[in-house]
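Structural features, examined
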Amino acid sequence: MTEYGSFPGARPRRLRTTPAMRRMVAETRLHPADLILPAFVREGISEPVAIGSMPGVVQHTRDTLKKAAVEALEAGVSGIMLFGVPEDAKKDALGTAGTDPDGILQVALRDVRAEVGDDLIVMSDLCLDEFTDHGHCGVLDAEGRVDNDATLERYAEMAQVQADAGAHVVGPSGMMDGQVGVVRDALDTIGKEDVSILAYTVKYSSAFYGPFREAVGSSLTGDRKTYQQDPANVRESLRELALDLEEGADMVMVKPAGPYLDILAKVAESVDVPVAAYQISGEYAMIEAAAQRGWIERDRAILEALLGIKRAGANMILTYWATEVARGL
């Protein structure tokens, strides 16, 4: 005779018995529409150039970038974030290639927008680091320090040329104080009220950016600790969040994603705007490298990492696996 109430009375394992059961009760789900593809376009190349520290990722030509955008769209990805890589000879102290209407990033924006129209959200990184010969995200003063307010003037120009080139969304990523407000004013001044701002609200000075610097051909020496955030700090992130929202951010981002899931969760709990997280180059490289050595199961690790970011509160995830994962979903 069955003894009712015998230990254990609660058996959570009943809801894990089969794949169908686990799928039915899953609390968090990834969807292709959650994903945004970051992509690099390099000036002066006729074939894509592989990025050694990011297996499977390339610096695109203009033509292959358009193809990548169409593939992302067909897979159900929501957006593509573009980063321009100019010829070294065009880099200077002010990053003028970044505000040249015929600079590589603006040309690529026009290319992609012409290819996908409004069916894929075309986003543009708004920062000077790819275009400066010193590799910093802003203009330097006479002492070699990044001049916050002089940099804001350059960001205003960048916002306008990127919007004119067709960006649906601009992403000011340089971590200058006041950047969101200046960009919003610059866009509104030229009648681009519909262009959205994805604020890089929480951007830590991270060791995980290394492969990205190869991807954009960075000229940086030194570090960005005077403007990117200290990994030790939490309250600072919430202060940055409040300032960006006050200045008019339409969406906010946490970067990197994986090492800062606690910050992502706090941000997501604090706002009523969409929250993005950027799974950056170092996060990508670690999984790919470990998988190549047979140390982890690649596909499972990718999905688990992305699911963790979504579970922590991200509405959108920038990931170099966006198209591949979207196809699988």
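All of the points below concern the structure found in this document. Just so it is clear, the model here is predicted, and its values are computed rather than measured. (Residues numbered from 1 in each chain as written. Predicted model: local features only at pLDDT ≥ 70, side-chain atom pairs only at ≥ 80, totals over all residues. Heavy atoms only, no water.)

1. Description of the overall build of the chain
Put simply, the test is: Secondary structure elements follow DSSP: runs of H or I of four or more residues count as helices, runs of E of two or more count as strands, with numbering from the N terminus. For a compact globule the rule gives 2.2 Å times the number of residues to the power 0.38, and the radius of gyration it is set against comes from C-alpha atoms. Contacts are residue-level and defined by heavy atoms, with any inter-residue pair within 4.5 Å sufficient. Working definition of accessibility: Shrake-Rupley area with a 1.4 Å probe, residue cover restricted to the visible protein chains.
Counting its secondary structure elements, the chain contains eleven helices and ten strands. Its C-alpha atoms give the chain a radius of gyration of 21 Å, within 12% of the compact-globule value 20 Å for 329 residues. Reported as C-alpha extents along the three principal axes, the dimensions of the chain are approximately 85 × 45 × 40 Å. Here the contacts in the chain between residues at least 6 apart in sequence split such that 74% fall between residues at least 24 apart. For the chain, the computed accessible surface area is about 15,400 Å², with 49% contributed by carbon and sulfur atoms.

2. A word on the packing of helix H9 (residues 281–292) against helix H10 (residues 298–311)
What counts is decided by this rule: Axis definition: a line fit to C-alpha positions, over the contact stretch in the case of helices; interaxial angles, taken between N-to-C directions, run 0 to 180 degrees. The cut-offs work like this: below 35 degrees is roughly parallel, past 145 is roughly antiparallel, 65 to 115 is roughly perpendicular, and the gaps in between are oblique. Crossings are assigned a handedness: left-handed for a near helix turned anticlockwise from the far helix by less than a right angle, right-handed for a clockwise turn.
Interaxial distance between H9 and H10 falls to 9 Å at its minimum, and their mutual angle equals 160°. By the criterion of interaxial angle, the relationship of H9 to H10 is roughly antiparallel. Viewed along their axes, H9 and H10 form a crossing whose handedness is right-handed. Between H9, through Ile287, Glu288 and Ala291, and H10, the contact on the second element is made entirely by Arg298, Ala301, Ile302 and Ala305.

3. A look at the pattern of salt bridges
Selection rule: For salt bridges, the criterion is a side-chain nitrogen of Lys or Arg within 4 Å of an Asp or Glu carboxyl oxygen. Only protein chains enter the calculation, and the probe is 1.4 Å; a residue is then buried if its accessible area is under 20% of its type maximum, exposed if over 50%, and partly exposed in between.
The full count for this structure, using the stated rule, is 16 salt bridges. Between lysine 66 and aspartate 63 there is a salt bridge; the shortest N-O distance is 3.6 Å. Of this pair, lysine 66 and aspartate 63 both sit in helix H2 (residues 62–75), three residues apart, which is roughly one turn of that helix. Lysine 90 serves as the salt-bridge partner of glutamate 87, at 3.9 Å between the closest nitrogen and oxygen. Under the relative-accessibility criterion, glutamate 87 is labelled partly exposed at 33%.

4. Some thoughts on helix H3 (residues 104–116)
Under the convention used in this document: A helix's residues, less one, multiplied by 1.5 Å, set its expected span.
A rise of 1.5 Å per residue sets the reference length of H3, with its 13 residues, at 18 Å; its end C-alpha atoms lie 18 Å apart and thus fit the reference within 8%. Looking at H3, one finds that the buried residues are Ile104, Leu105, Gln106, Val107, Ala108, Leu109, Asp111, Val112 and Val116. At its buried positions, H3 is contacted by strand S1 (35–42), H2, strand S4 (79–85), strand S5 (121–126) and helix H4 (148–165). At the C-terminal side of H3, glycine 117 shows a positive phi close to 60°.

5. Notes on the nonpolar core
Quick note on the threshold: As used here, the term nonpolar core means buried Ala, Val, Leu, Ile, Met, Phe, Trp, Tyr and Cys residues forming a set that is joined through side-chain atoms within 4.5 Å.
Of all hydrophobic cores here, the largest spans 93 residues; its most connected members are Ile80, Leu82, Tyr155 and Tyr278. Among residues more than four places away in sequence, those in contact with isoleucine 80 are Ile36, Leu37, Ala39, Leu65, Ala69, Val112, Leu120, Ile121, Val122 and Met123.

6. Describing the environment of tyrosine 320
For tyrosine 320, the location among the structural elements is in the loop between strand S10 (316–318) and helix H11 (322–328). Owing to a relative accessible area of 9%, tyrosine 320 belongs among the buried residues under this scheme. Considering only alpha carbons, one finds tyrosine 320 and glutamine 279, 41 residues apart in sequence, at a separation of 7.8 Å. With near-sequence residues (within four places) excluded, tyrosine 320 lies in contact with Leu37, Pro38, Phe40, Met54, Val57, Phe212, Tyr278, Gln279, Ile280, Ser281 and Tyr284.

7. A short note on unusual backbone geometry
Here the amide bond leading from lysine 255 into proline 256 is cis, since omega sits at -5°, within 30 degrees of zero. Even without glycine at this site, methionine 175 takes up a positive phi of about 65°. For methionine 175, a relative accessible area of 5% puts it in the buried group.

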